[in-house]
Amino acid sequence: MIKVDFNKPVTVGNEFEYMRQAIENVKISGDGVFTKKCHTFLETELGVTKALLTTSCTHALEMSAILLGIQPGDEVIIPDFTFVSTVNAFVLRGAKPVFVDVHPDTLNLDETKLEAAITPRTKAIVPVHYAGVGCEMDAIMSIARRHNIAVVEDNAHGLFGKYKGKFLGTFGAMATQSFHETKNFSCGEGGALLINDPALAERAEIIREKGTNRSRFFRGQVDKYTWVDIGSSYLPSDLLAAFLYAQFEQREKIQSHRKNVWDMYQAALRDWAGKHGVQLPTVPADREQAYHMFYMLLPNLELRQKFIMYLRERGIYSVFHYLPLHLSDMGQGFGYREGDCPVTERVSDQLVRLPFHNELTSSDQEQVIDAIMEFQF
Ligand SMILES: *Cc1c(COP(=O)(O)O)cnc(C)c1O
(Lines give C-alpha, C1' and ligand atoms only; values in the text may rest on other atoms or scores of the structure.)
Protein backbone atom coordinates (compact mmCIF):
# COMPACT_ATOMS: atom_id res chain seq x y z
CA MET A 1 0.00 0.00 0.00
CA ILE A 2 1.26 3.46 -0.91
CA LYS A 3 1.37 5.70 2.12
CA VAL A 4 3.44 8.52 0.64
CA ASP A 5 3.44 9.18 -3.11
CA PHE A 6 6.55 10.48 -4.80
CA ASN A 7 4.50 12.85 -6.94
CA LYS A 8 0.83 13.73 -7.05
CA PRO A 9 -0.70 16.08 -9.63
CA VAL A 10 -3.29 18.15 -7.79
CA THR A 11 -5.60 21.08 -8.38
CA VAL A 12 -4.85 24.15 -6.30
CA GLY A 13 -7.46 26.71 -7.30
CA ASN A 14 -9.78 27.50 -10.22
CA GLU A 15 -8.68 24.73 -12.62
CA PHE A 16 -12.15 23.25 -13.21
CA GLU A 17 -13.89 26.62 -13.36
CA TYR A 18 -11.42 27.96 -15.95
CA MET A 19 -11.67 24.80 -18.07
CA ARG A 20 -15.43 25.23 -18.05
CA GLN A 21 -14.99 28.87 -19.10
CA ALA A 22 -12.66 27.82 -21.92
CA ILE A 23 -15.40 25.53 -23.24
CA GLU A 24 -17.99 28.31 -22.88
CA ASN A 25 -15.66 30.58 -24.86
CA VAL A 26 -16.19 28.11 -27.72
CA LYS A 27 -12.43 28.10 -28.23
CA ILE A 28 -10.51 25.14 -26.93
CA SER A 29 -7.84 25.01 -29.64
CA GLY A 30 -4.59 26.90 -29.09
CA ASP A 31 -4.03 30.61 -28.42
CA GLY A 32 -7.40 31.28 -26.79
CA VAL A 33 -8.12 33.54 -23.82
CA PHE A 34 -6.28 31.41 -21.26
CA THR A 35 -3.20 30.87 -23.40
CA LYS A 36 -2.94 34.67 -23.70
CA LYS A 37 -3.36 35.05 -19.93
CA CYS A 38 -0.51 32.57 -19.40
CA HIS A 39 1.69 34.46 -21.88
CA THR A 40 1.03 37.79 -20.18
CA PHE A 41 1.61 36.27 -16.76
CA LEU A 42 5.01 34.85 -17.72
CA GLU A 43 6.04 37.97 -19.62
CA THR A 44 5.17 40.38 -16.81
CA GLU A 45 6.27 38.25 -13.85
CA LEU A 46 9.62 37.31 -15.38
CA GLY A 47 10.21 40.32 -17.63
CA VAL A 48 10.89 38.37 -20.83
CA THR A 49 10.32 39.75 -24.33
CA LYS A 50 7.92 36.97 -25.26
CA ALA A 51 6.52 33.83 -23.69
CA LEU A 52 4.83 31.16 -25.83
CA LEU A 53 3.07 28.16 -24.34
CA THR A 54 4.07 24.91 -26.00
CA THR A 55 2.91 21.32 -25.83
CA SER A 56 5.96 20.41 -23.73
CA CYS A 57 9.38 21.57 -22.65
CA THR A 58 10.73 19.06 -25.15
CA HIS A 59 8.90 20.91 -27.92
CA ALA A 60 10.10 24.29 -26.64
CA LEU A 61 13.65 22.93 -26.85
CA GLU A 62 12.96 21.71 -30.40
CA MET A 63 11.69 25.17 -31.31
CA SER A 64 14.86 26.73 -29.88
CA ALA A 65 16.98 24.41 -32.04
CA ILE A 66 15.02 25.41 -35.17
CA LEU A 67 15.27 29.11 -34.24
CA LEU A 68 19.04 28.84 -33.86
CA GLY A 69 19.26 27.19 -37.27
CA ILE A 70 20.99 24.11 -35.88
CA GLN A 71 22.18 21.91 -38.75
CA PRO A 72 24.00 18.63 -39.23
CA GLY A 73 27.61 19.02 -38.15
CA ASP A 74 26.89 21.71 -35.55
CA GLU A 75 27.87 21.03 -31.96
CA VAL A 76 25.75 21.80 -28.91
CA ILE A 77 27.12 21.78 -25.37
CA ILE A 78 24.86 20.04 -22.84
CA PRO A 79 25.42 18.99 -19.23
CA ASP A 80 25.83 15.21 -19.04
CA PHE A 81 23.44 15.06 -16.09
CA THR A 82 20.02 15.98 -17.50
CA PHE A 83 16.84 14.62 -19.03
CA VAL A 84 17.11 13.20 -22.57
CA SER A 85 15.00 15.99 -24.09
CA THR A 86 17.72 18.58 -23.43
CA VAL A 87 19.94 16.77 -25.91
CA ASN A 88 17.38 15.08 -28.18
CA ALA A 89 15.91 18.38 -29.36
CA PHE A 90 19.26 19.33 -30.88
CA VAL A 91 20.25 15.87 -32.11
CA LEU A 92 16.93 15.83 -33.99
CA ARG A 93 18.28 18.72 -36.09
CA GLY A 94 21.50 16.81 -36.77
CA ALA A 95 23.69 18.34 -34.06
CA LYS A 96 26.46 16.47 -32.29
CA PRO A 97 26.05 16.64 -28.51
CA VAL A 98 29.12 17.67 -26.55
CA PHE A 99 28.61 16.57 -22.96
CA VAL A 100 30.21 18.56 -20.17
CA ASP A 101 30.42 17.19 -16.64
CA VAL A 102 28.64 18.80 -13.68
CA HIS A 103 29.69 20.34 -10.37
CA PRO A 104 29.73 17.77 -7.55
CA ASP A 105 27.78 20.13 -5.24
CA THR A 106 25.01 21.74 -7.33
CA LEU A 107 25.03 19.07 -10.11
CA ASN A 108 24.91 21.98 -12.57
CA LEU A 109 27.03 22.32 -15.73
CA ASP A 110 30.64 22.87 -14.64
CA GLU A 111 31.44 26.20 -16.28
CA THR A 112 35.17 25.71 -15.63
CA LYS A 113 35.07 22.91 -18.22
CA LEU A 114 33.04 24.90 -20.74
CA GLU A 115 35.75 26.71 -22.66
CA ALA A 116 37.66 23.48 -23.39
CA ALA A 117 34.51 22.01 -24.98
CA ILE A 118 34.02 24.88 -27.44
CA THR A 119 35.06 24.43 -31.08
CA PRO A 120 34.40 26.52 -34.21
CA ARG A 121 31.30 24.33 -34.74
CA THR A 122 29.70 25.08 -31.35
CA LYS A 123 26.32 26.73 -31.96
CA ALA A 124 24.65 26.58 -28.56
CA ILE A 125 25.21 26.03 -24.86
CA VAL A 126 22.23 24.58 -22.98
CA PRO A 127 22.68 24.90 -19.21
CA VAL A 128 20.11 23.14 -17.01
CA HIS A 129 19.27 24.77 -13.67
CA TYR A 130 19.21 21.46 -11.85
CA ALA A 131 16.68 21.22 -9.02
CA GLY A 132 15.83 24.87 -9.68
CA VAL A 133 19.20 26.10 -8.39
CA GLY A 134 20.75 28.44 -10.95
CA CYS A 135 23.94 27.65 -12.86
CA GLU A 136 26.92 30.06 -12.71
CA MET A 137 25.27 32.33 -15.26
CA ASP A 138 27.82 35.19 -15.10
CA ALA A 139 30.62 32.85 -16.18
CA ILE A 140 28.50 30.95 -18.72
CA MET A 141 27.17 34.13 -20.36
CA SER A 142 30.58 35.75 -20.54
CA ILE A 143 32.14 32.67 -22.19
CA ALA A 144 29.19 32.44 -24.60
CA ARG A 145 29.48 36.13 -25.51
CA ARG A 146 33.23 35.89 -26.06
CA HIS A 147 32.71 33.03 -28.54
CA ASN A 148 29.44 34.38 -29.98
CA ILE A 149 27.48 31.26 -29.04
CA ALA A 150 23.76 31.28 -28.16
CA VAL A 151 22.61 30.15 -24.72
CA VAL A 152 19.32 28.29 -24.25
CA GLU A 153 18.46 27.74 -20.58
CA ASP A 154 16.62 24.48 -19.90
CA ASN A 155 14.67 25.91 -16.98
CA ALA A 156 12.27 22.96 -16.56
CA HIS A 157 13.07 22.89 -12.82
CA GLY A 158 13.67 26.55 -12.22
CA LEU A 159 10.59 28.71 -12.76
CA PHE A 160 10.83 31.66 -10.29
CA GLY A 161 14.31 30.71 -9.14
CA LYS A 162 16.89 33.50 -9.27
CA TYR A 163 20.61 33.95 -9.85
CA LYS A 164 22.00 37.12 -8.24
CA GLY A 165 18.50 38.57 -8.00
CA LYS A 166 17.54 37.91 -11.65
CA PHE A 167 15.02 35.28 -12.70
CA LEU A 168 16.30 32.06 -14.22
CA GLY A 169 15.18 31.90 -17.82
CA THR A 170 16.04 35.55 -18.46
CA PHE A 171 19.76 35.13 -19.20
CA GLY A 172 19.97 33.18 -22.46
CA ALA A 173 18.63 34.14 -25.89
CA MET A 174 15.87 31.68 -25.00
CA ALA A 175 14.75 29.48 -22.11
CA THR A 176 12.36 26.58 -21.85
CA GLN A 177 9.85 25.66 -19.13
CA SER A 178 8.02 22.42 -18.42
CA PHE A 179 4.47 22.06 -17.09
CA HIS A 180 4.58 18.28 -17.01
CA GLU A 181 2.72 16.80 -14.04
CA THR A 182 6.00 16.30 -12.14
CA LYS A 183 6.89 20.00 -12.21
CA ASN A 184 5.98 22.78 -9.73
CA PHE A 185 3.25 24.18 -12.01
CA SER A 186 1.48 21.75 -14.26
CA CYS A 187 -1.23 21.07 -16.82
CA GLY A 188 -0.33 17.40 -17.27
CA GLU A 189 1.76 17.91 -20.39
CA GLY A 190 2.88 21.39 -21.34
CA GLY A 191 5.75 23.82 -21.62
CA ALA A 192 6.80 27.29 -22.67
CA LEU A 193 9.45 28.94 -24.74
CA LEU A 194 10.72 32.17 -23.19
CA ILE A 195 12.37 34.55 -25.62
CA ASN A 196 14.82 37.21 -24.46
CA ASP A 197 16.33 38.06 -27.85
CA PRO A 198 13.67 40.18 -29.61
CA ALA A 199 15.11 39.19 -33.01
CA LEU A 200 13.79 35.65 -32.47
CA ALA A 201 10.24 36.53 -31.40
CA GLU A 202 8.44 36.80 -34.72
CA ARG A 203 9.91 33.62 -36.21
CA ALA A 204 9.11 31.73 -33.00
CA GLU A 205 5.40 32.44 -33.51
CA ILE A 206 5.62 31.16 -37.08
CA ILE A 207 7.47 27.94 -36.19
CA ARG A 208 4.94 27.27 -33.43
CA GLU A 209 2.02 27.73 -35.87
CA LYS A 210 3.00 25.13 -38.50
CA GLY A 211 5.29 27.51 -40.36
CA THR A 212 2.48 29.97 -41.06
CA ASN A 213 2.03 33.66 -40.31
CA ARG A 214 -1.29 32.93 -38.61
CA SER A 215 -0.47 34.99 -35.49
CA ARG A 216 0.29 38.09 -37.55
CA PHE A 217 -2.84 37.51 -39.63
CA PHE A 218 -5.02 37.38 -36.51
CA ARG A 219 -3.44 40.61 -35.28
CA GLY A 220 -4.31 42.21 -38.62
CA GLN A 221 -0.67 42.77 -39.50
CA VAL A 222 -0.86 40.84 -42.78
CA ASP A 223 -3.86 40.26 -45.03
CA LYS A 224 -3.08 36.64 -45.93
CA TYR A 225 -2.49 33.60 -43.81
CA THR A 226 0.05 31.47 -45.59
CA TRP A 227 3.02 29.10 -45.40
CA VAL A 228 6.18 31.15 -44.79
CA ASP A 229 8.72 28.91 -43.00
CA ILE A 230 9.29 25.43 -41.57
CA GLY A 231 7.39 24.68 -38.40
CA SER A 232 5.16 22.31 -36.54
CA SER A 233 2.17 22.30 -34.20
CA TYR A 234 3.63 23.35 -30.89
CA LEU A 235 0.65 25.10 -29.28
CA PRO A 236 -1.41 23.45 -26.54
CA SER A 237 -5.20 23.43 -26.27
CA ASP A 238 -6.68 26.39 -24.40
CA LEU A 239 -8.21 23.81 -22.01
CA LEU A 240 -4.71 23.02 -20.81
CA ALA A 241 -3.83 26.69 -20.64
CA ALA A 242 -6.96 27.22 -18.48
CA PHE A 243 -5.76 24.53 -16.08
CA LEU A 244 -2.26 26.01 -16.04
CA TYR A 245 -3.42 29.58 -15.52
CA ALA A 246 -5.31 28.49 -12.41
CA GLN A 247 -2.01 27.12 -11.10
CA PHE A 248 -0.14 30.32 -12.01
CA GLU A 249 -2.69 32.29 -9.99
CA GLN A 250 -1.67 30.22 -6.96
CA ARG A 251 2.01 30.97 -7.45
CA GLU A 252 2.57 32.20 -3.88
CA LYS A 253 0.67 29.30 -2.32
CA ILE A 254 2.48 26.67 -4.41
CA GLN A 255 5.94 28.10 -3.95
CA SER A 256 5.57 28.76 -0.23
CA HIS A 257 4.25 25.24 0.32
CA ARG A 258 7.19 23.79 -1.61
CA LYS A 259 9.60 25.94 0.38
CA ASN A 260 8.15 24.58 3.62
CA VAL A 261 8.50 21.01 2.37
CA TRP A 262 12.10 21.58 1.32
CA ASP A 263 13.04 23.39 4.54
CA MET A 264 11.51 20.63 6.68
CA TYR A 265 13.51 17.90 4.91
CA GLN A 266 16.68 19.96 5.13
CA ALA A 267 16.30 20.75 8.84
CA ALA A 268 15.33 17.19 9.80
CA LEU A 269 18.03 15.45 7.77
CA ARG A 270 21.04 17.71 8.23
CA ASP A 271 22.59 15.95 11.26
CA TRP A 272 21.67 12.47 10.03
CA ALA A 273 23.27 13.22 6.66
CA GLY A 274 26.47 14.51 8.22
CA LYS A 275 26.77 11.41 10.38
CA HIS A 276 26.28 8.94 7.52
CA GLY A 277 28.20 10.57 4.70
CA VAL A 278 25.02 11.58 2.85
CA GLN A 279 25.22 14.77 0.77
CA LEU A 280 22.29 17.17 0.88
CA PRO A 281 21.63 19.80 -1.82
CA THR A 282 23.85 22.87 -2.04
CA VAL A 283 22.25 26.25 -2.70
CA PRO A 284 24.95 28.93 -3.12
CA ALA A 285 24.24 32.16 -1.21
CA ASP A 286 23.74 34.26 -4.36
CA ARG A 287 20.92 32.01 -5.62
CA GLU A 288 17.23 31.69 -4.76
CA GLN A 289 16.10 28.21 -5.61
CA ALA A 290 12.76 27.28 -7.15
CA TYR A 291 12.03 24.45 -4.67
CA HIS A 292 11.55 21.86 -7.37
CA MET A 293 12.86 18.78 -5.57
CA PHE A 294 14.68 17.43 -2.56
CA TYR A 295 17.47 15.05 -3.46
CA MET A 296 20.25 13.35 -1.50
CA LEU A 297 23.46 11.62 -2.54
CA LEU A 298 23.93 8.33 -0.65
CA PRO A 299 27.47 6.99 -0.24
CA ASN A 300 27.23 4.49 -3.13
CA LEU A 301 24.97 2.64 -5.56
CA GLU A 302 24.36 -0.39 -3.30
CA LEU A 303 23.17 1.81 -0.43
CA ARG A 304 21.06 3.94 -2.79
CA GLN A 305 19.26 0.86 -4.14
CA LYS A 306 18.83 -0.57 -0.64
CA PHE A 307 17.47 2.78 0.57
CA ILE A 308 14.85 3.03 -2.20
CA MET A 309 13.71 -0.58 -1.57
CA TYR A 310 13.66 0.00 2.18
CA LEU A 311 11.39 3.05 1.82
CA ARG A 312 9.17 1.22 -0.68
CA GLU A 313 8.59 -1.58 1.84
CA ARG A 314 7.26 1.13 4.14
CA GLY A 315 4.93 2.47 1.44
CA ILE A 316 7.13 5.48 0.67
CA TYR A 317 7.98 6.15 -2.95
CA SER A 318 11.35 7.67 -3.75
CA VAL A 319 13.05 7.67 -7.14
CA PHE A 320 16.43 8.20 -8.76
CA HIS A 321 17.08 9.78 -12.12
CA TYR A 322 19.36 10.75 -14.97
CA LEU A 323 21.60 7.99 -16.12
CA PRO A 324 24.73 9.61 -17.59
CA LEU A 325 23.77 10.65 -21.12
CA HIS A 326 27.26 9.90 -22.45
CA LEU A 327 26.91 6.23 -21.43
CA SER A 328 23.44 5.75 -22.95
CA ASP A 329 23.19 3.80 -26.23
CA MET A 330 22.89 7.10 -28.07
CA GLY A 331 25.76 8.68 -26.14
CA GLN A 332 28.07 5.76 -26.89
CA GLY A 333 27.00 6.01 -30.52
CA PHE A 334 28.51 9.52 -30.46
CA GLY A 335 31.79 8.01 -29.27
CA TYR A 336 31.56 8.60 -25.53
CA ARG A 337 33.05 6.09 -23.10
CA GLU A 338 33.15 5.37 -19.39
CA GLY A 339 35.27 7.91 -17.55
CA ASP A 340 34.40 10.85 -19.83
CA CYS A 341 32.19 12.56 -17.21
CA PRO A 342 33.24 11.08 -13.86
CA VAL A 343 31.16 13.33 -11.60
CA THR A 344 27.94 12.48 -13.46
CA GLU A 345 28.84 8.78 -13.42
CA ARG A 346 29.22 8.93 -9.64
CA VAL A 347 26.24 11.10 -8.66
CA SER A 348 23.93 9.22 -10.99
CA ASP A 349 24.60 6.11 -8.86
CA GLN A 350 24.13 7.96 -5.58
CA LEU A 351 21.12 10.20 -6.11
CA VAL A 352 17.68 9.66 -4.61
CA ARG A 353 14.72 12.07 -4.70
CA LEU A 354 12.34 12.15 -1.75
CA PRO A 355 8.54 12.50 -2.10
CA PHE A 356 7.80 16.10 -3.09
CA HIS A 357 4.56 17.55 -4.41
CA ASN A 358 2.00 20.30 -3.89
CA GLU A 359 -0.13 18.33 -1.44
CA LEU A 360 2.58 16.63 0.57
CA THR A 361 1.65 17.17 4.22
CA SER A 362 3.93 17.54 7.21
CA SER A 363 2.61 14.22 8.53
CA ASP A 364 3.62 12.59 5.19
CA GLN A 365 7.02 14.12 5.68
CA GLU A 366 7.25 12.93 9.27
CA GLN A 367 6.66 9.38 8.06
CA VAL A 368 9.40 9.75 5.46
CA ILE A 369 11.82 11.28 7.96
CA ASP A 370 11.07 8.69 10.68
CA ALA A 371 11.70 5.89 8.20
CA ILE A 372 14.96 7.47 7.05
CA MET A 373 16.19 7.77 10.65
CA GLU A 374 15.73 4.02 11.09
CA PHE A 375 17.53 3.07 7.89
CA GLN A 376 20.41 0.68 8.57
CA PHE A 377 23.53 1.65 6.59
C1 LIG B 1 10.89 17.57 -17.34
C2 LIG B 1 12.13 18.00 -18.07
C3 LIG B 1 12.15 18.19 -19.45
C4 LIG B 1 11.03 17.78 -20.36
O5 LIG B 1 9.85 18.36 -20.06
P6 LIG B 1 8.53 17.92 -20.85
O7 LIG B 1 7.61 19.07 -20.58
O8 LIG B 1 8.08 16.63 -20.25
O9 LIG B 1 8.88 17.78 -22.29
C10 LIG B 1 13.29 18.72 -20.03
N11 LIG B 1 14.37 19.01 -19.30
C12 LIG B 1 14.40 18.82 -17.97
C13 LIG B 1 15.62 19.19 -17.21
C14 LIG B 1 13.29 18.28 -17.32
O15 LIG B 1 13.33 18.04 -16.01
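Residues numbered from 1 in each chain as written. Predicted model: local features only at pLDDT ≥ 70, side-chain atom pairs only at ≥ 80, totals over all residues. Heavy atoms only, no water.

Draft legend 1. Spotlight on the overall build of the protein. Secondary structure summary: the protein contains 14 helices and 12 strands in total. For the protein, whose C-alpha radius of gyration is 21 Å, the value lies close to the compact-globule estimate of 21 Å for 377 residues. Overall, the protein is about 70 × 50 × 35 Å in size when its C-alpha atoms are taken along their principal axes. Counting only residues that meet the buried cut, the protein has 57% of its 377 residues in that class. Residue pairs in contact within the protein that sit at least 24 positions apart in sequence constitute 70% of those at least 6 positions apart. (Helix = DSSP H or I, 4+ residues; strand = E, 2+ residues; numbered from the N terminus. Rg over C-alpha atoms; globule rule 2.2 N^0.38 Å. Buried < 20%, exposed > 50% of the residue type's maximum accessible area, 1.4 Å probe, protein only. Contact = heavy atoms within 4.5 Å.)

Draft legend 2. The arrangement of the nonpolar core in detail. Ranked by size, the top nonpolar core spans 52 residues in total, and within it Phe90 and Ile125 carry the most contacts. Examining the composition of this core, we find that seven residues originate from one element, helix 3 (residues 57–67), more than from any other. Viewed by domain, this core spans two of them, domain 1 (15–249) and domain 2 (251–374), each represented by three or more residues. Of all hydrophobic cores here, the second largest spans 29 residues; its members include Val10, Cys38, Phe179 and Leu244. (Core = buried A, V, L, I, M, F, W, Y, C linked by side-chain atoms within 4.5 Å. Domains from an automatic or database assignment.)

Draft legend 3. Looking closely at the site of the ligand. Around the ligand, the structure places 15 residues, and the nearest of them are Thr58, Asp154, His157, Ser178 and Lys183. Note that an oxygen atom of the ligand is positioned 2.9 Å from one of the backbone N or O atoms of Cys57. Note that an oxygen atom of the ligand is positioned 3.3 Å from one of the side-chain N or O atoms of Lys183. Considered on its own, the ligand offers 380 Å² of accessible surface; in the complex 92% of this is hidden by protein. When grouped by side-chain class, the residues that make up the shell around the ligand number five nonpolar, eight polar and two charged. (Near = heavy atom within 4 Å. Polar contact = N/O pair within 3.5 Å; in protein donor to acceptor, adjacent residues only side chain to side chain. Areas by Shrake-Rupley, 256 points an atom, 1.4 Å probe, with all protein chains shown as cover. Nonpolar A, V, L, I, M, F, W, Y, C, P; charged D, E, K, R; others polar.)

Draft legend 4. Region of the structure containing the state of the cysteines. According to the stated counting rule, one finds zero disulfides in the structure shown. Free of any disulfide, Cys187 has its nearest cysteine sulfur in Cys38, 7.8 Å distant. Look at Cys187 and you get buried, because its relative accessible area is 9%. (Disulfide = S-S within 2.5 Å.)

Draft legend 5. Molecular detail of the side chain of Ser64. Take Ser64: it is sitting in helix 3. A relative accessible area of 0% places Ser64 in the buried class. Leave out the neighbours within four places in its chain, and Ser64 touches Phe90, Val152, Met174 and Leu193.

Draft legend 6. Fine view of the sheet that holds strand 9 (residues 191–195). Spatially, seven strands are ordered 1-9-8-5-4-2-3 in an open sheet, and the strand pairing comes out mixed. Since the sheet does not close on itself, it has two edges, and those belong to strand 1 (50–54) and strand 3 (96–100), each with one partner. Across the sheet, the axes of successive neighbouring strands diverge by a mean angle of 25°, strand direction being ignored. Looking at chain direction, strand 5 (residues 150–154) and strand 8 (residues 174–178) are connected through three bridges and run parallel. Across the sheet, the residue bridging to Val152 is Met174, located in strand 8. Set on the sheet, helix 2 (residues 33–46) makes contact with strand 1 and strand 9; between it and strand 1 the angle comes to about 140°. (Pairing = 2+ DSSP bridges. Axes fitted to C-alpha atoms, helices over the stretch in contact; angles between N-to-C directions.)

Draft legend 7. View of the environment of Ile125. Within the secondary structure layout, Ile125 lies in strand 4 (residues 122–125). Distance in space between the C-alpha atoms of Ile125 and Val98 is 9.4 Å, their sequence separation being 27 residues. Once you skip the residues sitting within four places of it in the chain, Ile125 turns out to touch Ile77, Leu109, Leu114, Ile140, Ala144, Ile149, Ala150, Val151 and Val152.

Draft legend 8. Spatial organisation of the packing of helix 2 against helix 9 (residues 238–249). Across the interface, helix 2 lies against helix 9 with an axial gap of 7 Å and an inter-helix angle of 40°. When the axes of helix 2 and helix 9 are compared, the pair comes out oblique. You can see that helix 2 and helix 9 cross each other, and the crossing is left-handed. Judged by residue contacts, Val33, Phe34, Thr35, Lys37, Cys38, Phe41 and Leu42 of helix 2 engage Asp238, Ala241, Ala242, Leu244, Tyr245 and Phe248 from helix 9. Broken down by class, the residue content of the contact of helix 2 with helix 9 amounts to 10 nonpolar, one polar and two charged. (Parallel < 35°, antiparallel > 145°, perpendicular 65-115°, else oblique. Left-handed = near helix turned anticlockwise from the far one by under 90°.)

Draft legend 9. Representation of the pattern of salt bridges. Counted according to the given criterion, the structure contains 18 salt bridges. The partner of Arg208 in a salt bridge is Asp31, with the nearest N and O atoms 2.9 Å apart. Of this pair, Arg208 sits in helix 7 (residues 201–208) while Asp31 sits in the loop between helix 1 (15–24) and helix 2, and the two are 177 residues apart along the sequence. Of the two residues, Arg208 and Asp31, both sit in the buried class. Note that Asp286 is salt-bridged to Arg287, the shortest N-O span being 2.8 Å. Take Asp286: its relative accessible area is 30%, and that puts it in the partly exposed class. Salt bridges linked by common partners bring Glu17, Arg20 and Glu24 together as one network. (Salt bridge = Lys/Arg side-chain N within 4 Å of Asp/Glu carboxyl O.)

Draft legend 10. Highlighting the domain arrangement of the protein. What the domain assignment reports for the protein is domain 1 (15–249) and domain 2 (251–374). Taking only C-alpha atoms, the centre of domain 1 and the centre of domain 2 are 25 Å apart. Listed as interface residues are 46 residues of domain 1 and, on the opposing side, 36 residues of domain 2. Three residues, Asp80, Phe81 and Asn184, lead the burial of domain 1 against domain 2; their summed loss comes to 18% of the area buried on that side. (Buried area = accessible area lost by both parts, 1.4 Å probe.)

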